[in-house]
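Residue strings, one per chain:
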Amino acid sequence: MTWTNETVRTYQEQVRHWTPGELLRWAWETWGDGLTLASSFGLEDVALIDMAARVFQPVDVFCLDTDLLFPETYRLMETLVQRYPIRLRRVRPRLTLEEQAAQEGPELWRRDPDRCCGLRKVEPLGRALAGYAAWVTGIRREQAPTRAHAEPLEWDARHNLVKLNPLAYWTTDAVWAYVRAEAVPYNPLHDRGYPSIGCWPCTRAVAPGEDPRAGRWSGFDKTECGIHGGPAR
Ligand code: SF4
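How each quantity is defined
Residues numbered from 1 in each chain as written. Predicted model: local features only at pLDDT ≥ 70, side-chain atom pairs only at ≥ 80, totals over all residues. Heavy atoms only, no water. Helix = DSSP H or I, 4+ residues; strand = E, 2+ residues; numbered from the N terminus. Rg over C-alpha atoms; globule rule 2.2 N^0.38 Å. Buried < 20%, exposed > 50% of the residue type's maximum accessible area, 1.4 Å probe, protein only. Contact = heavy atoms within 4.5 Å. Pairing = 2+ DSSP bridges. Axes fitted to C-alpha atoms, helices over the stretch in contact; angles between N-to-C directions. Near = heavy atom within 4 Å. Nonpolar A, V, L, I, M, F, W, Y, C, P; charged D, E, K, R; others polar. Core = buried A, V, L, I, M, F, W, Y, C linked by side-chain atoms within 4.5 Å.

In this section: the overall build of the protein. When its secondary structure is counted, the protein shows eight helices and six strands. In sequence order, the secondary structure elements of the protein are arranged as α-α-β-α-β-α-β-α-α-α-β-β-β-α. A compact globule built from 233 residues would reach a C-alpha radius of gyration of about 17 Å, and the protein, at 17 Å, matches this within 12%. When its C-alpha atoms are laid out on the principal axes, the protein stretches across 50 × 35 × 35 Å. Within the protein, buried positions represent 54% of all 233 residues. Look at the contacts in the protein between residues 6 or more apart in sequence, and 69% of them connect residues 24 or more apart.

This paragraph deals with unusual backbone geometry. Along the chain, Q57 connects to P58 via a cis peptide bond; the corresponding omega equals -10 degrees. By secondary structure assignment, the location of P58 is in the loop between helix 3 (43–55) and strand 2 (59–64). In this structure, N160 is a non-glycine residue whose phi angle is positive, near 65 degrees. Relative to the elements of secondary structure, N160 occurs in the loop between strand 5 (153–156) and strand 6 (161–164).

Turning to the sheet that holds strand 1 (residues 35–38), a few remarks are in order. Pairing within the open sheet is mixed, and its six strands lie in the order 3-2-1-4-6-5. The open sheet is flanked by strand 3 (86–91) and strand 5, the only strands paired with a single partner. Along the sheet, successive strands turn relative to each other by an average axial angle of 30 degrees, direction set aside. The strands touched by helix 3 within the sheet are strand 1, strand 2, strand 3 and strand 4 (134–136), with strand 1 carrying the most contacts at an inclination of about 150 degrees.

This paragraph deals with the site of the ligand. With respect to spatial proximity, the complete set of residues near the ligand consists of L68, W109, P113, C116, C117, R120, K121, C199, C202 and W217. Taken together, the residues of the shell around the ligand break down into eight nonpolar, no polar and two charged.

In this structure, W31, F62, V162 and L164 are the most contacted members of the largest nonpolar core, which totals 64 residues. Considering every element that reaches this core, the biggest residue donor is helix 3, with nine residues.

If you want it as structure tokens, here you go:
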């Protein structure tokens, strides 16, 4: 079957009531090797890797490795590769950091984070998804107003493939409960005030009670890197 926006809509109501495990199993049976899981190794992502590995193996996982991730994130990546049957694709930007500095000037993220995300995340995402039929993400409605309408099953018109958000309706507490109950390895930065973790130049810890995504691109009117919509170019 060729999937389109219309076919996605016919399944949307049905799959909304499925558990993440049920959705992942159906996705694997439907798309097999055409299914890939996006991971920035945040809390939702490690939970999804654990859930996916219970229903199919190996799990095709890709990360957008901007060369600017925290050391803790790179270490977690290694831990997960050791523990789970995942086939990890580290998708890199076309420009090294040195080439980007020569072309765009130093520390582009300080001057134009949309441009920097465009070069280091959005363009690589297109390559990461090429040839795949469906991708899985850790998006949850609760994370941000820009994600408040996320559905477990969506059509990604920008990349022309199916997008699955198995945790769309999960709360932060529910994700933590799963990670703790199943002893899933997670980024130690979460315990040091970083609910949302991206590149080190654009991520800070947040104070108790502060918006969980306030630590991303602090000082800029920017809340998304552009890979799930938003302004990056
Ligand atoms: S999060 Fe920051 S450093 Fe990373 S790609 Fe975007 S602007 Fe650049």
